[in-house]
Amino acid sequence: MTVEVLHSAQSDPKIILIGLNRCATTSFHKLFQNSGIQSLHWVDGDGSNIAHRMVTNIAMGRKPLDGFGQARAFTDIAFVNVRFMLDGARFFRDLHRAYPDAYFILNTRNRDDWVSSRALHSGGAYLEKCCNANGLTAEEVKQGWAHMYDVHHAEVEVHFDGNPRFLRFDIDTDEPQIIADLLAPDFDVNTVHWGHYNRGASAHAQTG
C-alpha cells in the first residue's frame, strides 16, 4: 500500500502515542496502517521491542526512535516481564525534545476501567508479571497504576498545554475525525478504518 503522506521532503514528522497501553493502541495502529502510514505496535518487523530500543538509544545518546527505518507512527511503547516493567509513554519529554515536530496523542479512558483492563490483560498474566517485577501484591500494583495514571495525565497536559500538535483523545467519547484533523497537515487518515480491537485479553502477551 502506498504511504499517503503529505509532508515535504525536508520534514519527517512522526505520530507518537503517549497514552498508556490498554487505551486502544491496537485501534490506532490499524487506523494508521490501513490509511497507508507505516506504524509500529509494541515490536518492529524483526520482533525487537520498541521500548527496549528506545531506552537503549537514550542511554547511548541517540534519538529515542533511531533504528526503526521508515516507521512514522508508534502506538504502543511498553514492556514487562517478571523482572522489569517499562511504560515508555513516561519518556514523553525525551520524545518531544527529540521530535519537536511530531504529533503527540494522549490516548486515554476512564481510569478505573483502564486499571481493570490492565489487570485482565493476557488472562491476568500482565498483572502477575507486574507483581513479580515490583515485589508487590496485585492490589498494590493496581493502586500504583492508578497513581501513575493521575501523575502521567497531569504531567503530559501541563507539558503540552497550548501545543497545536498535541491531542488528548478519550477512546470512549471522542470521534476519530479529530485524529484525522490533527494529522491533516502531514497525513491523510481515513477514519473508516477506525474500530475497536483487542478489547479482551491479548492473544499475544505483550509482556516479553
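Please refer to the structure higher up on the page.
A few points on the structure.

Each value, and the rule that gives it
Residues numbered from 1 in each chain as written. Predicted model: local features only at pLDDT ≥ 70, side-chain atom pairs only at ≥ 80, totals over all residues. Heavy atoms only, no water. Helix = DSSP H or I, 4+ residues; strand = E, 2+ residues; numbered from the N terminus. Buried < 20%, exposed > 50% of the residue type's maximum accessible area, 1.4 Å probe, protein only. Contact = heavy atoms within 4.5 Å. Areas by Shrake-Rupley, 256 points an atom, 1.4 Å probe, with all protein chains shown as cover. Pairing = 2+ DSSP bridges. Axes fitted to C-alpha atoms, helices over the stretch in contact; angles between N-to-C directions. Phe/Tyr/Trp six-rings, centres within 6.5 Å; stacked < 30°, edge-to-face > 60°. Lys NZ or Arg CZ within 6 Å of the ring centre and 35° of its normal.

Section: the overall build of the protein
So, step 1. Along its length, the protein carries seven helices and seven strands.
So, step 2. The secondary structure elements of the protein, listed N-terminal to C-terminal, are β-α-β-α-β-β-β-α-β-α-α-α-β-α.
So, step 3. Counting all 208 residues of the protein, 49% fall into the buried class.
So, step 4. A separation threshold of at least 6 residues defines the contact pool for the protein, and within that pool the share at least 24 residues apart is 77%.
So, step 5. Just so you have it, the protein exposes about 9,600 Å², and 49% of that area is on carbon and sulfur atoms.

Some thoughts on the sheet that holds strand β2 (residues 39-40)
In a beta sheet, neighbouring strands are held together by backbone hydrogen bonds and run either parallel or antiparallel to one another.
So, step 1. What the five strands build is an open sheet, ordered β2-β3-β1-β6-β7; its pairing is parallel. Each end of this open sheet is capped by a strand with a single partner; those strands are β2 and β7 (166-170).
So, step 2. Here strand β1 (residues 15-17) pairs with strand β3 (residues 73-74) via two bridges, running parallel. Looking at β3, one finds that I16 is bridged to F74.
So, step 3. Here helix α6 (residues 138-159) sits on the sheet and contacts β6 (103-108) and β7; the angle it forms with β6, its principal contact strand, is near 150°.

Overview of the packing of aromatic side chains
So, step 1. As enumerated under the stated definition, the model contains 13 aromatic pairs in all.
So, step 2. Judged by centre distance (5.6 Å) and plane angle (80°), the ring pair of F28 and F169 falls under edge-to-face. Here F28, found in helix α1 (residues 25-34), pairs with F169, found in strand β7; they are 141 residues apart in sequence, far enough to count as distant. Neither F28 nor F169 differs from the other in exposure class; each is buried.
So, step 3. Centroid distance F79 to F84: 6.4 Å. Interplanar angle 35°. Geometry classified as tilted.
So, step 4. Residue F79 is classed as buried on the basis of its relative accessible area of 7%.
So, step 5. Through a chain of ring-to-ring contacts, the aromatic side chains of F28, F32, F169 and W194 assemble into a single cluster.
So, step 6. Directly above the aromatic system of F68 lies the positively charged group of R53, at a separation of 4.8 Å from the ring centroid.
So, step 7. Seen from the ring of W145, R118 lies directly overhead, with NZ or CZ sitting 5.1 Å from the centre.

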